[in-house]
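Coordinates in review
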Amino acid sequence: MASETQTIDTLSFEDALRALETIVRQLESGDVPLEDSISLYEKGEKLRQHCQKRLDAAQARIEKIVAGPDGAAAGTQPFDAPDR
């Protein structure tokens, strides 16, 4: 299980989202046995958390863009993302 988490942590946002979409399709089909559904759901939740973490980091980077008096972007500030 720990190696699965490490693998998920190395995925790009796009790859994690694709994997999550695949899991959702499998679960929605109704053709997956109960035990497999539970495992898929758990993996899907880890993928969702990974995607959310990536989105939060991107949001924080965007918020670091400095706005000038007219509201237009006037520059940027270095972004130091906290480890989550």
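The following refers to the structure shown. (Residues numbered from 1 in each chain as written. Predicted model: local features only at pLDDT ≥ 70, side-chain atom pairs only at ≥ 80, totals over all residues. Heavy atoms only, no water.)

**Quick word on the overall build of the protein**
The number of helices and strands found in the protein is three helices and two strands. In sequence order, the secondary structure elements of the protein are arranged as α-α-α-β-β. Taken over 84 residues, the protein has a buried fraction of 14%. Put simply, the protein shows about 6400 Å² of open surface, and 53% of that area lies on carbon and sulfur atoms. (Helix = DSSP H or I, 4+ residues; strand = E, 2+ residues; numbered from the N terminus. Buried < 20%, exposed > 50% of the residue type's maximum accessible area, 1.4 Å probe, protein only. Areas by Shrake-Rupley, 256 points an atom, 1.4 Å probe, with all protein chains shown as cover.)

**A closer look at the packing of helix 2 (residues 13-29) against helix 3 (residues 34-63)**
Packing of helix 2 against helix 3 brings their axes to within 9 Å, and their N-to-C directions diverge by 150 degrees. The pairing of helix 2 with helix 3 is recorded here as roughly antiparallel in orientation. Seen from above, helix 2 lies across helix 3 with left-handed handedness. Of the residues in helix 3, those touching helix 2 at Phe13, Ala16, Leu17, Ala19, Leu20, Ile23, Gln26 and Leu27 are Ser37, Leu40, Tyr41, Lys43, Gly44, Leu47, Arg48, His50, Cys51, Arg54 and Leu55. (Axes fitted to C-alpha atoms, helices over the stretch in contact; angles between N-to-C directions. Parallel < 35°, antiparallel > 145°, perpendicular 65-115°, else oblique. Left-handed = near helix turned anticlockwise from the far one by under 90°. Contact = heavy atoms within 4.5 Å.)

**Examining helix 2**
End to end, helix 2 covers 24 Å across 17 residues, agreeing with the expected 24 Å (1.5 Å per residue, within 8%). Buried within helix 2 we find Ala16, Leu20 and Ile23. For helix 2, the buried positions fall inside an angular range of 60 degrees around the axis, keeping them on one side. Facing away from the buried side of helix 2, by more than 90 degrees, are the exposed residues Arg25 and Glu28. Of the residues one or two after helix 2, glycine 30 is the one with positive phi, at around 80 degrees. (Expected span 1.5 Å × (residues − 1). Arc of directions from axis to C-beta.)

**Comments concerning the pattern of salt bridges**
This structure, assessed with the given rule, holds two salt bridges. Aspartate 15 is the salt-bridge partner of arginine 18, the closest N and O atoms lying 2.5 Å from each other. With arginine 18 and aspartate 15 both in helix 2, this residue pair falls three residues apart, about one helical turn. What makes arginine 18 partly exposed here is its relative accessible area of 47%. Between glutamate 45 and arginine 48 there is a salt bridge; the shortest N-O distance is 2.7 Å. Highlighted residues: glutamate 45 and arginine 48, both in helix 3, separated by three residues, approximately one helical turn. (Salt bridge = Lys/Arg side-chain N within 4 Å of Asp/Glu carboxyl O.)

**Considering the side chain of serine 37**
Note that serine 37 resides in helix 3. Residue serine 37 is classed as buried on the basis of its relative accessible area, which comes to 18%. Every residue in contact with serine 37, bar those within four places of it in the chain, is listed here: Leu27 and Val32.

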